[in-house]
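The chain contents come next:
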Amino acid sequence: MVKRKKINKISIGTRGSKLALWQAEWVKAEIQTIDPGIDVRLIKIKTTGDMILDVPLAQVGGKGLFVKEIEESILRNDIDIAVHSMKDVPTDFPVGLHLSAICEREDPRDAFISQVQSSKFKVQSFKDLPQGARIGTSSLRRSSQLLNMRPDLQITQLRGNLDTRLRKLDEGQFDAIILAAAGVKRLGLQDRITEILPFEVSLPAIGQGAIGIECRDDDEIINKIVGALNHKETSIAVRAERAFLRKLEGGCQVPIAAYARIEHRAEGKEQRAQNDSSLVTRHSLLIMDGLVGSVDGKRLVRGHIEGRPQDYESLGRRLAEDLLSRGAQEILAEVYNR
């Protein structure tokens, strides 16, 4: 058991991309707001996913491509905490580590980004894409859903950081690219977004838009500090999505999507106003949509479930079981056989 009576320094492990560093800097600032006396340092760590850029993620295989090396650094006590994009975090953790906080979610949706010509978007929206348009994305989840609506599209693998992806678009390699809206907004590039795709077009990845903080489960002081950054509603929603993913035994490279959110009935709003606006009340409802798709987009199995927020684990599992019973089992078997 790691016990500290006082702490004056925290080391944060992070990937080296602009977005990862933005997220780590944000967590650093939040920690120093809680305790200005803590010296917070960032340590950049290169992960397997960062090193393999010439192969589609789905072909690399395995889970934790963007977190494994960082988790090893925590276990060696080289760093105290890791800051992750929740969509990159596997549902199972190494022994001794856990998710201490999930911070308030940014926009969870996908962003459609087209080329800019003469200060205007060349293509005004997803529905305006010409026949056979070239779309850049590294996500099987995205390509499955887009091909389901537009089988004529040419989906091309797009890897690299956000700047690299935008550069390839501007060079004319693609007619449009699809990115997570949260990352684009966090880096102040929201003006590049042509259109935010509705959930009916592209249901997001599990945990998309949320930042997670991982640390040793027996470090009481670190857990107390980091726990203050946990956003209850976001945490419940993301953990419901992760329960869904765990039941499907999927990873971030599989065409699986889910989005959970908490809605408050009218009679609950007044009660929340008298307390903390982030509290989940007895009038709250957890609503969740899930999807499993084939790689070619010809088959999509969708599901929807509602229930009490405190039942988030069982709701996620039940939604997964529903999809598995209606064809998702066969789709996933085909994906894994690839």
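The preceding data block contains the structure.
Summarised in this report is the structure supplied together with it.

## Focus on the overall build of the protein chain
Here is step 1 of the chain: In terms of regular secondary structure, the protein chain is built from 11 helices and 15 strands.
Here is step 2 of the chain: Here the protein chain, with 338 residues, has 53% of them falling under the buried criterion.
Here is step 3 of the chain: Put simply, 71% of the contacts in the protein chain that link residues at least 6 apart link residues at least 24 apart.

## Regarding the packing of aromatic side chains
Here is step 1 of the chain: Applying the stated criterion to the full structure yields 2 aromatic pairs.
Here is step 2 of the chain: Between F199 and Y259 the ring centres are 4.5 Å apart and the planes differ by 25 degrees, which places this aromatic pair in the stacked class. Residue F199 is located in the loop between β11 (195-196) and β12 (211-216), and its partner Y259 is located in strand β13 (residues 256-264); the two are separated by 60 residues in the primary sequence.
Here is step 3 of the chain: Judged by relative accessible area, which is 25%, F199 ranks as partly exposed.
Here is step 4 of the chain: Assessed through its relative accessible area of 13%, Y259 is described here as buried.

## Observations regarding the pattern of salt bridges
Here is step 1 of the chain: Applying the stated criterion across every chain yields a total of 26 salt bridges.
Here is step 2 of the chain: Measuring nitrogen to oxygen at the nearest pair gives 3.3 Å for the salt bridge that ties R216 to D80. Separated by 136 residues along the polypeptide, R216 in strand β12 and D80 in the loop between α4 (68-75) and β3 (81-85) bring together distant segments of the chain.
Here is step 3 of the chain: Residue R216 is classed as buried on the basis of its relative accessible area, which comes to 7%.
Here is step 4 of the chain: Its relative accessible area of 10% is what places D80 among the buried residues.
Here is step 5 of the chain: The salt bridge partner of R246 is E313, with a shortest N-O separation of 3.8 Å. Of the two residues, R246 is situated in helix α9 (residues 232-248) and E313 in helix α11 (residues 312-337); the sequence distance between them amounts to 67 residues.

## A look at unusual backbone geometry
Here is step 1 of the chain: Despite not being glycine, N77 shows a phi value in the positive range, around 65 degrees.
Here is step 2 of the chain: Inspection of the secondary structure puts N77 in the loop between α4 and β3.

## Here's the deal with the nonpolar core
Here is step 1 of the chain: Of all hydrophobic cores here, the largest spans 28 residues; its most connected members are F244, L248, I256, M288 and V292.
Here is step 2 of the chain: Within the residue set of this core, elements represented by two or more residues are α9, β13, β14 (284-293), β15 (300-307) and α11.
Here is step 3 of the chain: Of the residues forming this core, the biggest block, 9 residues, is contributed by α11.
Here is step 4 of the chain: Beyond its immediate sequence surroundings of up to four residues, L248 is in contact with I256, V292, A320, L324, L332 and Y336.

## Concerning α11
Here is step 1 of the chain: Taking 1.5 Å per residue, 26 residues should reach 38 Å; α11 reaches only 31 Å between its end C-alpha atoms and comes up short.
Here is step 2 of the chain: Considered for burial, the residues of α11 that qualify are L315, G316, L319, A320, L323, L324, A328, I331, L332 and V335.
Here is step 3 of the chain: For α11, the elements touching its buried residues are α9, β13, β14 and β15.

## Let's talk about the sheet that holds β3
Here is step 1 of the chain: Taken in spatial order, the 5 strands make up an open sheet running β2-β1-β3-β12-β4, and their pairing is mixed. Each having just a single partner strand, β2 (39-44) and β4 (97-102) make up the two edges of the open sheet. Neighbour to neighbour, the strand axes of the sheet diverge by 30 degrees on average, direction disregarded.
Here is step 2 of the chain: Bridge count for β3 against β12 is 5 bridges, and the pairing is antiparallel. Across the sheet, residue V83 finds its bridge partner in β12, namely I213.

## Overview of the sheet that holds β11
Here is step 1 of the chain: Read from one edge of the open sheet, 5 strands run β9-β8-β10-β5-β11, paired in mixed fashion. Each edge of the open sheet carries a strand with a single partner, namely β9 (154-156) and β11.
Here is step 2 of the chain: As paired elements, strand β8 (residues 134-136) and strand β10 (residues 176-180) share 2 bridges and run parallel to each other. Counted as the bridge partner of I135 is A176 from β10.
Here is step 3 of the chain: Sitting on the sheet, helix α5 (residues 140-149) touches β5 (110-114), β8, β9 and β10, and the angle it makes with β10 is about 130 degrees.
Here is step 4 of the chain: Of the strands in this sheet, β5 and β10 are in contact with helix α6 (residues 162-170), which crosses β10 at around 165 degrees.

Criteria and cut-off values
- Residues numbered from 1 in each chain as written.
- Predicted model: local features only at pLDDT ≥ 70, side-chain atom pairs only at ≥ 80, totals over all residues.
- Heavy atoms only, no water.
- Helix = DSSP H or I, 4+ residues; strand = E, 2+ residues; numbered from the N terminus.
- Buried < 20%, exposed > 50% of the residue type's maximum accessible area, 1.4 Å probe, protein only.
- Contact = heavy atoms within 4.5 Å.
- Phe/Tyr/Trp six-rings, centres within 6.5 Å; stacked < 30°, edge-to-face > 60°.
- Salt bridge = Lys/Arg side-chain N within 4 Å of Asp/Glu carboxyl O.
- Core = buried A, V, L, I, M, F, W, Y, C linked by side-chain atoms within 4.5 Å.
- Expected span 1.5 Å × (residues − 1).
- Pairing = 2+ DSSP bridges.
- Axes fitted to C-alpha atoms, helices over the stretch in contact; angles between N-to-C directions.

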